[in-house]
Number of protein chains: 2
Amino acid sequence: MTSENTPHHHGNLRPALIQAGIDILETEGTKGLSLRKIATRVGVTHAAPAHHFKGKAALLVAIAAKGFQVFADLMEKNRDAAPKDPQNQLLGLCQGYLQFAAENEALFELIFSTDIKPHANVDEDFRKSANRAFRLLEDTCALFEPSPKHSQGHEIMIWSLVHGYASLRAYNKLISPEDGAAMPFELILPQLTPKK
Amino acid sequence: MTSENTPHHHGNLRPALIQAGIDILETEGTKGLSLRKIATRVGVTHAAPAHHFKGKAALLVAIAAKGFQVFADLMEKNRDAAPKDPQNQLLGLCQGYLQFAAENEALFELIFSTDIKPHANVDEDFRKSANRAFRLLEDTCALFEPSPKHSQGHEIMIWSLVHGYASLRAYNKLISPEDGAAMPFELILPQLTPKK
DNA sequence: GACACTATCTTTACAGTGTAAAGTTTGAGT
DNA sequence: ACTCAAACTTTACACTGTAAAGATAGTGTC
């Protein structure tokens, strides 16, 4: 037997359920995402997921963990592809942020939903992927001199700006959906002074 | 008979359902909000709401419409209470924005949820209250000279910033929840030049 | 004032959901 | 070869939204 298509025990059900969940999420949205539908799509009965996840909430957290993973990957990739000066690094990172939000609408809404956030502190996978995403943003903001007023640096402002823009763009399709350069950074980026 | 407690026909069921929905939303969250629970709380059977709303989605839209109403009220009130210079007017408006998001967490998430947004274009009440809220922000941003780059003025940037900050604060309780002045405006507000 | 009528709410029914418990199969270890 | 535990199925139940049909009240109209 290869690793695929193990006959009865299915073998790797856990990741299959997560992937099926993501698929359904993007095709049918959050409303159409049911435990039973996920199970059926994978080819098992509706009670099978219970042996891998404590409940639907736990499966959603696992899906969100995977979501944060590709989220962070996309940010990192876009940042690394950008010119090496701090301004463009930050801009690239944020374009990755927006790209993920635009291409995975329901998943983006899920990973930042307050439903899963309470359970998220328990799940180790989730904490790790989420923290990686946040640290990525922190690190890129750390390329600039921090504000004298905020000890935390600029990450809250930048994060708010890009997150709000991504959310509103998803909510109100009127805002130009394609042009990542339309991001309202022209007042802020020039105010950030690179370190050293 | 007074207007209250009409015996069998209940009289004003429609607004009662909306209010009960808001109450449950704030006490039990989105997950605990069911049509049947709303109906029971108001004192009618579970099928009664069907005669006033086309379905659960329609009731949610009505709840969101009411939500946008108090949202706009709160922004307007805070803006009017602020000093009359443009900077403080905008700051006041945004503090109202944040106050609403902090005090009505689930409702805030609902009115900006992508679930109801498709149905929202149909509902006239919703369009009106939502547009009022948006226009309020537009008008206050119009106190400043627009950016030469964006014909739309600054409302997208300001809106993104305050909306992102509100969302992230709800998501991650780590961000100081009380101090409205901690809003990351110190880089942006000085860049805005009042008109005339 | 009796009548029909319509809006409002109830009753009943049904498919879909998440979850729990018990039963069945499979694979691994001794 | 046998035991046993893990993986999955079967069955059952409470809860959800929705639809259809029945009961009740208030509103006209003659």
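Residues numbered from 1 in each chain as written. Chains lettered and ligands numbered in written order. Predicted model: local features only at pLDDT ≥ 70, side-chain atom pairs only at ≥ 80, totals over all residues. Heavy atoms only, no water.

(A) Up close: the packing of helix α1 (residues 13-28) of chain A against helix α2 (residues 35-42) of chain A. Residue and element names in this part refer to chain A. It is at 9 Å that the axes of α1 and α2 come closest, and there the two elements cross at 115 degrees. For the pair α1 and α2, the crossing hand works out as right-handed. Residue-level contacts link L13, A16, L17, A20, G21, D23, I24 and E28 of α1 to K37, I38, A39, R41 and V42 of α2. Residues belonging to the contact of α1 with α2 are distributed by class as follows: 8 nonpolar, 1 polar and 4 charged. (Axes fitted to C-alpha atoms, helices over the stretch in contact; angles between N-to-C directions. Helix = DSSP H or I, 4+ residues; strand = E, 2+ residues; numbered from the N terminus. Left-handed = near helix turned anticlockwise from the far one by under 90°. Contact = heavy atoms within 4.5 Å. Nonpolar A, V, L, I, M, F, W, Y, C, P; charged D, E, K, R; others polar.)

(B) A look at the packing of aromatic side chains. Residue and element names in this part refer to chain A. Going through the model one piece at a time under the given rule, you end up with 24 aromatic pairs over all chains. Relative to F134, the ring of F68 lies with its centre 5.7 Å away and its plane at 80 degrees, an arrangement referred to as edge-to-face. Here F134 lies in helix α7 (residues 124-141) and F68 lies in helix α3 (residues 56-81), a separation of 66 residues in the sequence. Of the residues examined, F68 reaches a relative accessible area of 0% and is grouped as buried. (Phe/Tyr/Trp six-rings, centres within 6.5 Å; stacked < 30°, edge-to-face > 60°. Buried < 20%, exposed > 50% of the residue type's maximum accessible area, 1.4 Å probe, protein only.)

(C) Broad picture of α1(A). All names here are of chain A. Its 16 residues give α1 an end-to-end C-alpha distance of 22 Å, which sits within 8% of 22 Å, the value for a rise of 1.5 Å per residue. For α1, the set of buried residues is L13, L17, I18, A20, G21, I22, I24 and L25. Along its buried surface, α1 packs onto α2, α3 and α5 (105-111). Residue G29 follows α1 closely and has a positive phi angle near 80 degrees. (Expected span 1.5 Å × (residues − 1).)

(D) Expanded view of the relation of the copies chain A and chain B. When chain A is fitted onto chain B, the two copies agree to an RMSD of 0.0 Å after a turn of 180 degrees and an axial shift of 0.0 Å. Those values place the two copies in the arrangement expected of a two-fold rotation axis. Within chain A, the C-alpha atom positioned nearest to the axis of rotation is that of A:G164, 1.8 Å from it. Both copies share a contact surface, since 100% of the interface residues of chain A are interface residues in chain B too. (Least-squares fit on C-alpha atoms with pLDDT ≥ 70 in both.)

That is the geometry; function is a separate question.
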